[in-house]
Amino acid sequence: KKDREKKLRQILTQYEDDPEKYTSTVLFCDYILFWLEEAQTKVRTISYEHYANEVKNHIYPYFKALGVRLVDVDRNTCQSYFNAKAKNGRLDGKGGLSPKTLRHHKNILHQTLELAVLNGQIPKNCCTNLSLPKLERKTYAFYNYEETQTFLQAVQNEPLYPLYLFTAVYGLRRSEVLGLKWDSIDLDNKTLTIKHTRKRCNTVVEEDTTKTAFSYRQLPLTEEMVNQLVRLKLEERQNAKDFGSAYQKNGYIFKWPDGKPYAPDYITSKFSKTLKKYGLKHIAFHGLRHSCGSMLNEMGFTLKDIQEWLGHADIQTTANIYLHLDMEHKRNISTALSSALAEKC
(Lines give C-alpha, C1' and ligand atoms only; values in the text may rest on other atoms or scores of the structure.)
Protein backbone atom coordinates (compact mmCIF):
# COMPACT_ATOMS: atom_id res chain seq x y z
CA LYS A 1 0.00 0.00 0.00
CA LYS A 2 2.82 2.39 0.88
CA ASP A 3 4.50 1.71 -2.46
CA ARG A 4 1.28 2.38 -4.33
CA GLU A 5 0.70 5.66 -2.42
CA LYS A 6 4.27 6.73 -3.16
CA LYS A 7 3.80 5.96 -6.84
CA LEU A 8 0.52 7.89 -6.87
CA ARG A 9 2.18 10.95 -5.37
CA GLN A 10 4.92 10.77 -8.01
CA ILE A 11 2.35 10.57 -10.81
CA LEU A 12 0.32 13.46 -9.39
CA THR A 13 3.46 15.60 -8.97
CA GLN A 14 4.55 14.84 -12.51
CA TYR A 15 1.07 15.75 -13.79
CA GLU A 16 0.88 19.00 -11.81
CA ASP A 17 4.34 20.08 -12.99
CA ASP A 18 3.73 19.15 -16.61
CA PRO A 19 4.34 22.36 -18.60
CA GLU A 20 2.01 21.21 -21.36
CA LYS A 21 -0.90 21.31 -18.93
CA TYR A 22 -0.60 25.11 -18.56
CA THR A 23 -0.90 26.69 -21.97
CA SER A 24 -2.56 30.04 -21.26
CA THR A 25 -1.20 32.93 -23.34
CA VAL A 26 -2.28 35.64 -20.88
CA LEU A 27 0.53 38.05 -20.05
CA PHE A 28 1.68 38.34 -16.46
CA CYS A 29 1.14 42.11 -16.50
CA ASP A 30 -2.50 41.61 -17.50
CA TYR A 31 -3.04 39.02 -14.79
CA ILE A 32 -1.74 41.52 -12.25
CA LEU A 33 -4.53 43.88 -13.34
CA PHE A 34 -6.97 40.98 -12.99
CA TRP A 35 -5.78 40.43 -9.41
CA LEU A 36 -6.01 44.16 -8.69
CA GLU A 37 -9.62 44.24 -9.83
CA GLU A 38 -10.49 41.34 -7.55
CA ALA A 39 -8.55 42.88 -4.65
CA GLN A 40 -10.68 46.02 -4.90
CA THR A 41 -13.67 44.07 -3.60
CA LYS A 42 -11.75 42.63 -0.63
CA VAL A 43 -9.57 45.37 0.85
CA ARG A 44 -10.11 48.82 2.32
CA THR A 45 -10.22 51.74 -0.09
CA ILE A 46 -6.95 53.21 1.16
CA SER A 47 -5.20 49.83 0.73
CA TYR A 48 -6.55 49.45 -2.79
CA GLU A 49 -5.33 52.91 -3.76
CA HIS A 50 -1.84 52.06 -2.52
CA TYR A 51 -1.89 48.79 -4.47
CA ALA A 52 -3.12 50.57 -7.60
CA ASN A 53 -0.36 53.20 -7.37
CA GLU A 54 2.41 50.62 -7.07
CA VAL A 55 1.00 48.58 -9.95
CA LYS A 56 0.53 51.60 -12.19
CA ASN A 57 3.89 53.25 -11.49
CA HIS A 58 6.19 50.25 -11.16
CA ILE A 59 4.96 46.70 -11.54
CA TYR A 60 2.75 46.82 -14.64
CA PRO A 61 5.16 48.89 -16.80
CA TYR A 62 8.08 46.57 -15.96
CA PHE A 63 6.32 43.33 -16.83
CA LYS A 64 4.52 44.90 -19.79
CA ALA A 65 7.88 45.77 -21.30
CA LEU A 66 9.19 42.30 -20.46
CA GLY A 67 6.26 40.66 -22.24
CA VAL A 68 6.45 37.50 -20.12
CA ARG A 69 3.46 35.15 -19.99
CA LEU A 70 1.92 34.18 -16.67
CA VAL A 71 2.79 30.53 -17.22
CA ASP A 72 6.44 31.40 -17.87
CA VAL A 73 7.00 33.36 -14.65
CA ASP A 74 9.53 31.65 -12.41
CA ARG A 75 11.61 32.58 -9.38
CA ASN A 76 14.28 34.14 -11.56
CA THR A 77 11.67 36.38 -13.19
CA CYS A 78 10.61 37.70 -9.79
CA GLN A 79 14.16 38.02 -8.47
CA SER A 80 15.23 39.99 -11.55
CA TYR A 81 12.40 42.44 -10.94
CA PHE A 82 13.50 43.14 -7.38
CA ASN A 83 17.15 43.38 -8.36
CA ALA A 84 16.25 46.05 -10.94
CA LYS A 85 13.98 48.01 -8.60
CA ALA A 86 16.45 47.87 -5.73
CA LYS A 87 19.15 49.31 -7.96
CA ASN A 88 17.25 51.98 -9.88
CA GLY A 89 13.54 51.86 -9.19
CA ARG A 90 12.71 55.40 -8.09
CA LEU A 91 10.57 57.37 -10.50
CA ASP A 92 12.84 60.40 -10.18
CA GLY A 93 15.84 58.30 -11.20
CA LYS A 94 17.64 58.88 -7.89
CA GLY A 95 18.44 55.31 -6.92
CA GLY A 96 16.49 52.27 -5.85
CA LEU A 97 13.28 51.68 -3.96
CA SER A 98 13.44 51.19 -0.21
CA PRO A 99 13.45 47.69 1.29
CA LYS A 100 10.01 48.39 2.79
CA THR A 101 8.55 49.40 -0.58
CA LEU A 102 10.06 46.31 -2.22
CA ARG A 103 8.26 44.16 0.32
CA HIS A 104 4.99 45.85 -0.61
CA HIS A 105 5.71 44.93 -4.24
CA LYS A 106 6.52 41.35 -3.23
CA ASN A 107 3.15 41.15 -1.51
CA ILE A 108 1.41 42.18 -4.73
CA LEU A 109 3.32 39.68 -6.90
CA HIS A 110 2.83 36.91 -4.36
CA GLN A 111 -0.91 37.50 -4.12
CA THR A 112 -1.22 37.64 -7.92
CA LEU A 113 0.53 34.31 -8.35
CA GLU A 114 -1.42 32.81 -5.47
CA LEU A 115 -4.63 33.73 -7.26
CA ALA A 116 -3.30 32.13 -10.45
CA VAL A 117 -2.59 28.91 -8.55
CA LEU A 118 -6.08 28.99 -7.06
CA ASN A 119 -7.59 29.42 -10.52
CA GLY A 120 -5.54 26.57 -11.95
CA GLN A 121 -3.49 28.83 -14.24
CA ILE A 122 -0.07 27.79 -12.88
CA PRO A 123 1.16 24.86 -10.76
CA LYS A 124 2.79 26.79 -7.92
CA ASN A 125 3.64 30.20 -6.57
CA CYS A 126 7.26 30.96 -7.42
CA CYS A 127 7.41 34.30 -5.59
CA THR A 128 9.09 32.70 -2.58
CA ASN A 129 12.57 32.49 -1.09
CA LEU A 130 13.61 35.71 -2.80
CA SER A 131 16.62 37.80 -1.81
CA LEU A 132 15.57 41.31 -0.80
CA PRO A 133 17.61 44.10 0.81
CA LYS A 134 17.45 44.08 4.59
CA LEU A 135 14.94 46.39 6.21
CA GLU A 136 16.52 49.60 7.38
CA ARG A 137 16.37 50.37 11.08
CA LYS A 138 14.41 53.58 11.35
CA THR A 139 15.47 56.48 13.49
CA TYR A 140 12.63 58.63 14.78
CA ALA A 141 12.96 62.33 15.54
CA PHE A 142 10.77 63.27 18.49
CA TYR A 143 10.55 65.53 21.53
CA ASN A 144 11.37 64.55 25.08
CA TYR A 145 9.21 65.66 28.01
CA GLU A 146 10.70 69.17 28.31
CA GLU A 147 10.72 69.73 24.54
CA THR A 148 7.07 68.72 24.30
CA GLN A 149 6.17 71.18 27.06
CA THR A 150 8.11 73.91 25.25
CA PHE A 151 6.32 73.10 22.00
CA LEU A 152 2.83 73.19 23.53
CA GLN A 153 3.54 76.43 25.35
CA ALA A 154 4.84 78.04 22.17
CA VAL A 155 1.81 77.09 20.05
CA GLN A 156 -0.94 77.58 22.64
CA ASN A 157 -2.39 80.54 20.72
CA GLU A 158 -2.31 78.79 17.35
CA PRO A 159 -5.68 77.73 15.85
CA LEU A 160 -4.43 74.13 15.63
CA TYR A 161 -3.33 74.01 19.28
CA PRO A 162 -6.17 71.66 20.37
CA LEU A 163 -5.30 69.25 17.56
CA TYR A 164 -1.62 69.33 18.51
CA LEU A 165 -2.51 68.80 22.18
CA PHE A 166 -4.68 65.75 21.52
CA THR A 167 -2.04 64.29 19.20
CA ALA A 168 0.76 64.71 21.74
CA VAL A 169 -1.17 63.54 24.82
CA TYR A 170 -2.78 60.50 23.24
CA GLY A 171 -0.06 59.67 20.72
CA LEU A 172 -2.52 59.70 17.84
CA ARG A 173 -1.74 58.97 14.24
CA ARG A 174 -2.62 61.78 11.82
CA SER A 175 -5.48 59.71 10.45
CA GLU A 176 -6.80 59.16 13.97
CA VAL A 177 -6.76 62.77 15.16
CA LEU A 178 -8.37 63.95 11.90
CA GLY A 179 -10.90 61.13 12.23
CA LEU A 180 -12.06 62.18 15.69
CA LYS A 181 -15.82 62.76 15.72
CA TRP A 182 -18.19 63.92 18.41
CA ASP A 183 -19.61 60.40 18.63
CA SER A 184 -16.13 59.37 19.80
CA ILE A 185 -16.54 61.54 22.89
CA ASP A 186 -18.38 60.58 26.08
CA LEU A 187 -18.26 63.61 28.35
CA ASP A 188 -20.36 61.93 31.04
CA ASN A 189 -17.85 59.13 31.49
CA LYS A 190 -14.94 61.29 30.30
CA THR A 191 -13.69 58.88 27.64
CA LEU A 192 -12.35 59.17 24.11
CA THR A 193 -12.74 56.26 21.68
CA ILE A 194 -10.49 55.92 18.64
CA LYS A 195 -12.79 54.38 16.03
CA HIS A 196 -12.73 56.60 12.91
CA THR A 197 -9.89 57.51 10.53
CA ARG A 198 -9.40 60.07 7.81
CA LYS A 199 -6.42 59.77 5.50
CA ARG A 200 -5.23 60.52 1.99
CA CYS A 201 -3.73 58.44 -0.78
CA ASN A 202 -5.14 59.41 -4.18
CA THR A 203 -8.21 60.80 -2.46
CA VAL A 204 -9.21 61.61 1.11
CA VAL A 205 -10.67 58.41 2.52
CA GLU A 206 -13.00 58.47 5.52
CA GLU A 207 -13.48 55.15 7.29
CA ASP A 208 -15.35 54.01 10.36
CA THR A 209 -12.50 51.62 11.08
CA THR A 210 -9.02 51.91 12.53
CA LYS A 211 -5.69 50.73 11.13
CA THR A 212 -5.93 47.45 13.04
CA ALA A 213 -8.23 45.95 15.66
CA PHE A 214 -5.68 47.01 18.29
CA SER A 215 -5.87 50.62 17.09
CA TYR A 216 -9.49 50.71 18.27
CA ARG A 217 -9.07 51.87 21.84
CA GLN A 218 -10.77 53.86 24.59
CA LEU A 219 -8.80 56.45 26.55
CA PRO A 220 -9.67 58.67 29.52
CA LEU A 221 -10.27 62.40 29.16
CA THR A 222 -8.61 64.73 31.63
CA GLU A 223 -10.31 67.91 32.82
CA GLU A 224 -8.12 69.94 30.48
CA MET A 225 -9.20 67.84 27.53
CA VAL A 226 -12.86 68.10 28.54
CA ASN A 227 -12.52 71.88 28.69
CA GLN A 228 -10.90 71.93 25.26
CA LEU A 229 -13.75 69.88 23.80
CA VAL A 230 -16.43 72.04 25.40
CA ARG A 231 -14.79 75.16 23.96
CA LEU A 232 -14.55 73.54 20.51
CA LYS A 233 -18.22 72.56 20.60
CA LEU A 234 -19.24 76.13 21.50
CA GLU A 235 -17.10 77.48 18.65
CA GLU A 236 -18.66 74.99 16.27
CA ARG A 237 -22.18 76.07 17.18
CA GLN A 238 -21.29 79.73 16.73
CA ASN A 239 -19.62 79.04 13.38
CA ALA A 240 -22.69 77.14 12.19
CA LYS A 241 -24.82 80.21 12.97
CA ASP A 242 -22.37 82.61 11.32
CA PHE A 243 -22.04 80.61 8.09
CA GLY A 244 -25.68 79.60 7.91
CA SER A 245 -26.49 77.43 4.88
CA ALA A 246 -22.85 77.59 3.75
CA TYR A 247 -21.74 75.64 6.82
CA GLN A 248 -20.68 72.05 6.11
CA LYS A 249 -22.38 69.79 8.61
CA ASN A 250 -20.40 66.72 9.71
CA GLY A 251 -19.38 65.02 12.92
CA TYR A 252 -15.69 65.90 12.85
CA ILE A 253 -14.12 67.78 15.76
CA PHE A 254 -11.13 69.37 14.05
CA LYS A 255 -12.09 71.47 11.02
CA TRP A 256 -12.18 74.93 9.47
CA PRO A 257 -14.67 77.54 10.74
CA ASP A 258 -16.98 76.75 7.79
CA GLY A 259 -17.14 73.11 8.89
CA LYS A 260 -14.87 71.69 6.18
CA PRO A 261 -12.54 69.03 7.69
CA TYR A 262 -8.82 69.74 7.56
CA ALA A 263 -6.97 68.09 4.67
CA PRO A 264 -4.30 65.62 5.90
CA ASP A 265 -1.61 67.29 3.78
CA TYR A 266 -2.47 70.70 5.24
CA ILE A 267 -1.90 69.47 8.79
CA THR A 268 1.55 68.12 7.91
CA SER A 269 2.57 71.27 6.05
CA LYS A 270 1.22 73.65 8.69
CA PHE A 271 2.95 71.76 11.49
CA SER A 272 6.32 72.10 9.78
CA LYS A 273 5.80 75.83 9.22
CA THR A 274 4.72 76.30 12.83
CA LEU A 275 7.90 74.72 14.17
CA LYS A 276 9.94 76.99 11.94
CA LYS A 277 7.91 80.02 13.06
CA TYR A 278 8.79 79.44 16.72
CA GLY A 279 12.33 78.23 16.14
CA LEU A 280 11.63 74.73 17.46
CA LYS A 281 13.49 71.54 16.62
CA HIS A 282 12.10 70.06 13.43
CA ILE A 283 10.24 66.76 13.69
CA ALA A 284 7.61 65.26 11.42
CA PHE A 285 3.98 65.55 12.53
CA HIS A 286 4.07 61.81 13.23
CA GLY A 287 6.92 62.66 15.60
CA LEU A 288 4.34 63.92 18.11
CA ARG A 289 3.07 60.34 18.38
CA HIS A 290 6.61 59.11 19.00
CA SER A 291 7.12 61.94 21.48
CA CYS A 292 4.16 60.60 23.47
CA GLY A 293 5.61 57.09 23.48
CA SER A 294 9.02 58.42 24.44
CA MET A 295 7.59 60.40 27.36
CA LEU A 296 5.69 57.37 28.63
CA ASN A 297 8.89 55.35 28.42
CA GLU A 298 10.81 58.12 30.17
CA MET A 299 8.21 58.25 32.94
CA GLY A 300 8.66 54.56 33.66
CA PHE A 301 5.55 53.06 32.10
CA THR A 302 5.87 49.49 30.83
CA LEU A 303 6.01 48.50 27.18
CA LYS A 304 2.56 46.95 27.60
CA ASP A 305 1.22 50.30 28.86
CA ILE A 306 2.74 52.11 25.87
CA GLN A 307 1.47 49.49 23.42
CA GLU A 308 -2.12 49.83 24.65
CA TRP A 309 -1.98 53.64 24.82
CA LEU A 310 -0.68 53.97 21.26
CA GLY A 311 -2.68 51.08 19.83
CA HIS A 312 0.19 48.97 18.50
CA ALA A 313 -0.88 45.55 17.24
CA ASP A 314 2.43 43.96 18.22
CA ILE A 315 4.37 44.74 21.38
CA GLN A 316 7.56 44.04 19.39
CA THR A 317 6.76 47.17 17.38
CA THR A 318 6.61 49.12 20.64
CA ALA A 319 9.90 47.62 21.80
CA ASN A 320 11.69 48.35 18.52
CA ILE A 321 10.72 52.02 18.70
CA TYR A 322 10.86 52.92 22.37
CA LEU A 323 13.09 50.39 24.10
CA HIS A 324 16.13 52.58 23.74
CA LEU A 325 18.29 54.77 25.90
CA ASP A 326 18.84 58.38 24.97
CA MET A 327 22.28 59.93 25.31
CA GLU A 328 21.41 61.72 28.58
CA HIS A 329 20.32 58.44 30.10
CA LYS A 330 23.53 56.82 28.90
CA ARG A 331 25.55 59.62 30.53
CA ASN A 332 23.77 58.95 33.82
CA ILE A 333 24.62 55.26 33.54
CA SER A 334 28.24 56.10 32.72
CA THR A 335 28.49 58.46 35.70
CA ALA A 336 26.92 55.93 38.05
CA LEU A 337 29.25 53.15 36.89
CA SER A 338 32.32 55.38 37.13
CA SER A 339 31.37 56.49 40.64
CA ALA A 340 30.73 52.92 41.78
CA LEU A 341 34.05 51.69 40.42
CA ALA A 342 35.93 54.67 41.87
CA GLU A 343 34.67 53.79 45.35
CA LYS A 344 36.30 50.34 45.06
CA CYS A 345 39.69 51.76 44.09
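That block above? That's the structure.
**Student:** Help me understand the sheet that holds strand β2 (residues 191-194), please; the structure alone is not making it clear to me.
**Tutor:** Working definition: the strands of a sheet are paired by backbone hydrogen bonds and lie parallel or antiparallel to each other. Spatially, β1-β2-β5 is the arrangement adopted by the three strands of the open sheet, whose pairing is antiparallel. A single partner strand is all that each edge strand has here, and the edge strands are β1 (185-186) and β5 (217-220). Sheet analysis places β2 next to β5, joined by four bridges and oriented antiparallel. By the bridge assignment for β5, Thr191 is matched with Pro220.

**Student:** For this particular structure, what's the right way to read the packing of aromatic side chains?
**Tutor:** Centre distance and the angle of the planes are the two values used to describe a pair of aromatic rings. Here the structure, examined in full by the defined rule, presents 18 aromatic pairs. Taken together, a centroid distance of 5.7 Å and an interplanar angle of 25° make the contact between Tyr170 and Trp309 stacked. Residue Tyr170 is located in helix α7 (residues 161-170), and its partner Trp309 is located in helix α12 (residues 303-310); the two are separated by 139 residues in the primary sequence. On the basis of relative accessibility, which here comes to 22%, the residue Trp309 falls in the partly exposed class.

**Student:** What is the right way to look at the side chain of Gln228 in this model?
**Tutor:** Locating Gln228 in the fold gives a position in helix α9 (residues 223-243). Judged by its relative accessible area of 11%, Gln228 is buried. With near-sequence residues (within four places) excluded, Gln228 lies in contact with Tyr161, Pro162, Leu165 and Phe166.

**Student:** Even after reading the chapter, I still don't get helix α6 (residues 145-154), so can you show me in this structure?
**Tutor:** Three- or four-residue spacings in an α-helix give side chains the same orientation, since the helix completes a turn every 3.6 residues. Looking at α6, one finds that the buried residues are Thr148, Phe151 and Leu152. Considered in projection along α6, the buried side chains sweep an arc of 95° and stay on one side of the axis. When the buried face of α6 is taken as reference, the exposed residues oriented beyond 90 degrees from it are Glu146 and Gln153. Next to the buried residues of α6 lie α7, α10 (264-277) and α11 (287-298). Where α6 begins, the capping side chain belongs to Asn144, and its oxygen is found 3.2 Å from the backbone nitrogen of Glu146.

**Student:** Honestly, the nonpolar core in this entry has me stumped. Any pointers?
**Tutor:** Nonpolar side chains in soluble globular proteins tend to end up buried together. Phe151 and Phe166 are the most contacted members of the largest nonpolar core, which totals 35 residues. At the level of secondary structure, the elements contributing two or more residues to this core comprise α6, α7, α8 (174-178), β2, α9 and α10. Not counting the four nearest positions on each side in its chain, Phe151 is found in contact with Tyr143, Tyr164, Phe271, Leu275, Leu280 and Leu288. Counting residues in hydrophobic clusters, the runner-up holds 32 residues, among them Cys29, Ile32, Ala39 and Phe82.

**Student:** How should the packing of helix α3 (residues 45-66) against helix α4 (residues 75-88) be read in this particular structure?
**Tutor:** The geometry of a pair of packed helices is captured by two quantities: the angle between their axes and the separation between those axes. Contact geometry of α3 with α4 gives a least axis separation of 12 Å together with a crossing angle of 120°. Taken together, the axes of α3 and α4 lie oblique to each other. Viewed along their axes, α3 and α4 form a crossing whose handedness is right-handed. Judged by residue contacts, His58, Ile59, Tyr62, Phe63 and Leu66 of α3 engage Thr77, Ser80, Tyr81, Ala84 and Lys85 from α4. Residues that form the contact of α3 with α4 fall into these classes: six nonpolar, three polar and one charged.

**Student:** Which parts of the structure should I look at to understand the pairing of β2?
**Tutor:** Side-chain direction in a regular strand flips from residue to residue, so the side chains alternate between the two faces of the sheet. Along β2, one buried face is formed by Thr191 and Thr193 and the opposite face, lined by Leu192 and Ile194, is buried too. The pairing of β1 with β2 spans two bridges and is classified as antiparallel. Looking at the pairing, Asp186 lines up with Thr191 of β2. Here β1 folds back onto β2, and the loop between the two strands holds four residues, one of which, Lys190, carries a positive phi near 55°.

**Student:** Please explain the environment of Glu236 as it appears in this structure.
**Tutor:** Among the structural elements, Glu236 can be located in helix α9. It is 9.4 Å that separates the C-alpha atoms of Glu236 and Trp256, two residues lying 20 residues apart in sequence. Not counting the four nearest positions on each side in its chain, Glu236 is found in contact with Trp182, Tyr247, Tyr252 and Lys255.

What counts and what doesn't
- Residues numbered from 1 in each chain as written.
- Predicted model: local features only at pLDDT ≥ 70, side-chain atom pairs only at ≥ 80, totals over all residues.
- Heavy atoms only, no water.
- Pairing = 2+ DSSP bridges.
- Helix = DSSP H or I, 4+ residues; strand = E, 2+ residues; numbered from the N terminus.
- Phe/Tyr/Trp six-rings, centres within 6.5 Å; stacked < 30°, edge-to-face > 60°.
- Buried < 20%, exposed > 50% of the residue type's maximum accessible area, 1.4 Å probe, protein only.
- Contact = heavy atoms within 4.5 Å.
- Arc of directions from axis to C-beta.
- Polar contact = N/O pair within 3.5 Å; in protein donor to acceptor, adjacent residues only side chain to side chain.
- Core = buried A, V, L, I, M, F, W, Y, C linked by side-chain atoms within 4.5 Å.
- Axes fitted to C-alpha atoms, helices over the stretch in contact; angles between N-to-C directions.
- Parallel < 35°, antiparallel > 145°, perpendicular 65-115°, else oblique.
- Left-handed = near helix turned anticlockwise from the far one by under 90°.
- Nonpolar A, V, L, I, M, F, W, Y, C, P; charged D, E, K, R; others polar.

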